[in-house]
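Structural overview for review
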Amino acid sequence: MKYINLALRCLFFAVIIKPIVKIVIGLRYQNTPILPKDGPAILIANHNSHLDTMVLISLLPLNILHKVQPVAAADYFLKNKFLAWFALNIIGILPIERQGKDKSVNPIEQCAKALDSGKILIFFPEGSRGEPEKMTDLKYGVVKLAERCPKVPLYPIYMHGLGKTLPKGDALFVPFFCDVVFSEPLSYEAQGDGFYETVKARFVGMQESVKLPKWD
Amino acid sequence: MLFDFDSMRTVTQVFVFLLAGLSLATVIGWALSLANKEKDYTELKQRINSWWIMIGIFGLALLMGPLVTVMLFAMLSFIALKEYFSMTPTRLVDRKVLFWAYLTIPLQYYWIATGWYGMFIIFIPVYAFLFIPFRMVLAGETKNYLRAVGNIHWGLMLTVFTLSHLAYLVMLPSEGEYQSLTMSGDGAALLLYLVMLTQLNDVAQYVWGKILGTTPIAPTISPNKTREGLIGGVITTGVLAMILAGLLTPMIWWQGLLVGLGIGIAGFIGDVSLSAIKRDIGIKDSGQLIPGHGGILDRLDSLTFTAPLFFHVMRYFYF
């Protein structure tokens, strides 16, 4: 069953998601892509749309797809049986309990365990998707995770346009180009105490390099 | 029928010349970078490589018949409109309107594929023109209403209406025949004539500007455009148009010359008017889909002006 699900996952991304992301939406790299070749690694990105995860997974080659795990809220994605099967096996999420819900499992430990086994995590430091095309303050989860796994490289990625294509709370898909900005990887070991500020500054810098309009 | 070389003899011949010219440009690019190691020729090489791909796709579509050509231009309209909406300000409340705007593309190209000229010519300027504001008032947001409705209309006219004239050219019948969707007639030659001359005009204006250019012609919009570049380009295009007229069009030499001069001037205006939009928004290129050229609108800007003008001259006098 494990292999059937993995085959379905590859097929889903190769036949449906990648063509949608690359042809219907269209990616525009603002600089040369900087992406992990293998795990463990963490992609950190801004979060405006469900499409964010799809684009980030599409950026990576299919041969490391089995290592990619988007970190996602268990209460949202495991709501019903079908959605849970789809989220766990096809999207391949790592379900975590949001803070305060269940004290017995520590979400940071869940992520660290996945990284120890060589996974590539997709992590949205802002938490939930928020207002379309606006970045909210980064939460401290990213710092805690980096502190727990100080050697693992974090790749900051900024995406512009997906909050226009499919914003939160809207099911109508209206294509806009997605502009992607890449940035050199960071690690807690290299950045130390100024880690939070460095990550924040990187995102501000990447955001300012995109000169295209947000929603009017 | 795939690859009908016989009815497309002249088109194929002209393509062979184009490919030979491009091979020459490639060799010159290589020679330049070998002879002159300090200078960076990356952009020139990227441009030439992109020309190979663009001419390849265009040539294959033409040879595969009108239906494939119409589908190619529908795809180009889609990418161009997406590029336009991605670079201009749009309102969150208008998401549904933008969706309708995209839906005009399959409809407009459907009218073309069925040869319904009357609908093709009024669909965007009349029906879409009236429907878009109707759909926008339903949303009830008046802030920036005029800017938003003007923006969407401009985008539709520029990327759907004008570019679709290129596709309708290929549907023009050979004399006394109905145009079929699988066999190319005279329209394919006309389309090749227009696209080739418009693109060569861009290159010629650029080259003449580089060699002789001193007097800026539109300094506030496009500082690199010069009067010398424009005049040199227009004359070059006129002469080429005169030579090719007998081969690809029903025109005789002096008519070809006049049309060529017109293509040169209209192409320049199209180029400059897109530059004005980009300058207004504060960006240099409309995108980066085509390495070395920028976005698709950067490549098609001149055609947005030459296509409808050339189409109507041809239709009025010859079809």
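Rules behind the numbers
Residues numbered from 1 in each chain as written. Chains lettered and ligands numbered in written order. Predicted model: local features only at pLDDT ≥ 70, side-chain atom pairs only at ≥ 80, totals over all residues. Heavy atoms only, no water. Helix = DSSP H or I, 4+ residues; strand = E, 2+ residues; numbered from the N terminus. Rg over C-alpha atoms; globule rule 2.2 N^0.38 Å. Buried < 20%, exposed > 50% of the residue type's maximum accessible area, 1.4 Å probe, protein only. Contact = heavy atoms within 4.5 Å. Areas by Shrake-Rupley, 256 points an atom, 1.4 Å probe, with all protein chains shown as cover. Lys, Arg positive; Asp, Glu negative; His and termini not counted. Charge placed at Lys NZ, Arg CZ, Asp CG, Glu CD. 1 Å grid on protein atoms, 1.4 Å probe; cavity = no way out; pocket = protein on both sides within 12 Å on 5 of 7 lines; lining within 4 Å. Points joined across faces, edges and corners; volume = space filled by probe spheres on them. Nonpolar A, V, L, I, M, F, W, Y, C, P; charged D, E, K, R; others polar. Expected span 1.5 Å × (residues − 1). Bend = angle between axes of the 7 residues up to and from the residue. Domains from an automatic or database assignment. Buried area = accessible area lost by both parts, 1.4 Å probe. Polar contact = N/O pair within 3.5 Å; in protein donor to acceptor, adjacent residues only side chain to side chain. Pairing = 2+ DSSP bridges. Axes fitted to C-alpha atoms, helices over the stretch in contact; angles between N-to-C directions. Salt bridge = Lys/Arg side-chain N within 4 Å of Asp/Glu carboxyl O. Phe/Tyr/Trp six-rings, centres within 6.5 Å; stacked < 30°, edge-to-face > 60°. UniProt positions renumbered as here; feature names shortened; annotations may be inferred. Disulfide = S-S within 2.5 Å.

**Quick notes on the overall build of chain B**
In terms of helices and strands, chain B carries 10 helices and 0 strands. For chain B, the sequential pattern of α-helices and β-strands runs α-α-α-α-α-α-α-α-α-α. In terms of C-alpha radius of gyration, chain B reaches 20 Å, essentially the compact-globule figure of 20 Å for 319 residues. Principal axes of the C-alpha set define a box for chain B whose edges measure 60 × 55 × 35 Å. Taking all 319 residues of chain B together, 52% fall into the buried category. For chain B, the share of sequence-separated contacts (at least 6 apart) that also reach a separation of at least 24 residues comes to 73%. Only carbon and sulfur atoms are counted for the fraction: they give 71% of the accessible area of chain B, which is about 15,200 Å². Taken as two groups, the 20 positive and 18 negative side-chain charges of chain B have centres that lie 8 Å from each other.

**Overview of the layout of surface pockets**
If a probe as big as a water molecule is rolled over the atoms, it shows which places are left empty. Residue and element names in this part refer to chain A. There is about 1,200 Å³ of room inside the second largest pocket. Around the second largest pocket sit 45 residues that line it, and His-47, Val-71, Ala-72, Ala-73 and Phe-77 are the ones nearest its centre. Elements represented by at least two residues in the lining of the second largest pocket include exactly helix H1 (2–25), helix H2 (51–59), strand E3 (68–73), helix H3 (74–77), helix H4 (81–91), helix H5 (107–116) and helix H6 (141–148). Looking at side-chain class alone, the lining of the second largest pocket contains 30 nonpolar, 8 polar and 7 charged residues.

**Quick look at helix H10 (residues 296–318) of chain B**
Helix length check: H10(B) (23 residues) gives 31 Å between terminal C-alpha atoms against 33 Å at 1.5 Å per residue, within 8%. Bending of H10(B) peaks at approximately 35° at the position of B:Leu303.

**Examining the domain arrangement of chain B**
Residues and elements named next belong to chain B. Assigned domains within chain B: domain 1 (1–64), domain 2 (67–182) and domain 3 (185–319). On a C-alpha basis, the centres of domain 2 and domain 3 stand 22 Å from each other. The interface of domain 2 with domain 3 comprises 27 residues on the first partner and 28 residues on the second. In total, domain 2 and domain 3 occlude about 2,400 Å² of area from one another, counting both sides; carbon and sulfur atoms represent 80% of this. When the area that domain 2 buries against domain 3 is broken down by residue, the three leading residues are Glu-83, Met-87 and Leu-169, summing to 28%. Remark: the boundary between domain 2 and domain 3 carries 2 residue pairs in polar contact (both at pLDDT 80 or more). Elements supplying a minimum of two residues to the side of domain 2 that touches domain 3: helix H3 (66–87), helix H5 (117–139) and helix H6 (145–170).

**Regarding the sheet that holds strand E7 (residues 178–182) of chain A**
Two modes of strand pairing occur in sheets, parallel and antiparallel, and in both the strands are linked by backbone hydrogen bonds. Residues and elements named next belong to chain A. Pairing is mixed in the open sheet, where 7 strands are placed in the order E1-E7-E6-E2-E5-E3-E4. Each having just a single partner strand, strand E1 (27–29) and strand E4 (94–96) make up the two edges of the open sheet. The mean angle between the axes of side-by-side strands here comes to 25°, regardless of whether they run parallel or antiparallel. With 4 bridges joining them, strand E2 (residues 41–45) and strand E5 (residues 120–123) adopt parallel strand pairing. Across the sheet, residue Ile-42 finds its bridge partner in E5, namely Leu-121. Each of E2, E3, E4 and E5 touches H5; the most contacted strand, E4, lies at about 165° to it.

**Notes on the interface of chain A and chain B**
Residue-level contacts link 26 residues of chain A with 25 residues of chain B. Both faces combined, the contact of chain A with chain B buries some 2,000 Å², and carbon together with sulfur accounts for 59% of it. A per-residue breakdown of the area chain A buries against chain B is headed by A:Phe177, A:Trp215 and A:Asp216, which together make up 31% of the total. Run the count over chain A and chain B and you get 1 salt bridge. Note that A:Asp170 is salt-bridged to B:Arg95, the shortest N-O span being 3.0 Å. Summed over the shared surface of chain A and chain B, the result is 9 residue pairs in polar contact (both at pLDDT 80 or more). Elements supplying a minimum of two residues to the side of chain A that touches chain B: H1, E1 and helix H7 (162–165) of chain A. The element best represented in the side of chain A that touches chain B is H1(A), accounting for 3 residues.

**So, the packing of aromatic side chains**
All names here are of chain A. On inspection of all chains with the given rule, the structure shows 27 aromatic pairs over all chains. Judged by centre distance (5.5 Å) and plane angle (85°), the ring pair of Phe-12 and Phe-86 falls under edge-to-face. A residue pair is termed long-range when its members are at least 10 positions apart, and Phe-12 in helix H1 and Phe-86 in helix H4 qualify at 74 residues. Assessed through its relative accessible area of 17%, Phe-12 is described here as buried.

**Let's talk about the UniProt feature "transmembrane region" (unreviewed entry) in chain B**
Taken from the UniProt record, the annotation "transmembrane region" (unreviewed entry) applies to residues 12–32, 52–81, 117–138, 150–170, 190–208, 229–247 and 253–274 of chain B. Annotated as 100% helix and 0% strand, the span residues 150–170 of chain B places its first and last C-alpha atoms 30 Å apart.

**Section: the pattern of salt bridges**
Residues and elements named next belong to chain B. Within the structure shown, the criterion is met by 10 salt bridges over all chains. Two residues, Asp-271 and Lys-225, come together in a salt bridge whose shortest N-O distance is 3.6 Å. On the criterion of sequence distance, the pair formed by Asp-271 in helix H9 (residues 253–281) and Lys-225 in the loop between helix H7 (186–212) and helix H8 (227–248) is long-range, its members being 46 residues apart. With a relative accessible area of 15%, Asp-271 lands in the buried category. The closest approach of N and O atoms between Lys-278 and Asp-298, which form a salt bridge, is 2.5 Å. With Lys-278 in helix H9 and Asp-298 in helix H10, this residue pair connects regions lying 20 residues apart in the sequence. Of the two residues, Lys-278 and Asp-298, neither departs from the other in class, the shared state being buried.

**Concerning unusual backbone geometry**
Positive phi, close to 60°, is recorded for B:Asn144, a residue that is not glycine. Its place among the elements puts B:Asn144 in the loop between H5 and H6.

**A few points about the state of the cysteines**
Residue and element names in this part refer to chain A. Counting across every chain of the model gives 0 disulfides over all chains. You can see Cys-111 has no disulfide; the closest cysteine sulfur is in Cys-149, sitting 8.3 Å from it. By relative accessible area, Cys-111 is classed as buried at 2%.

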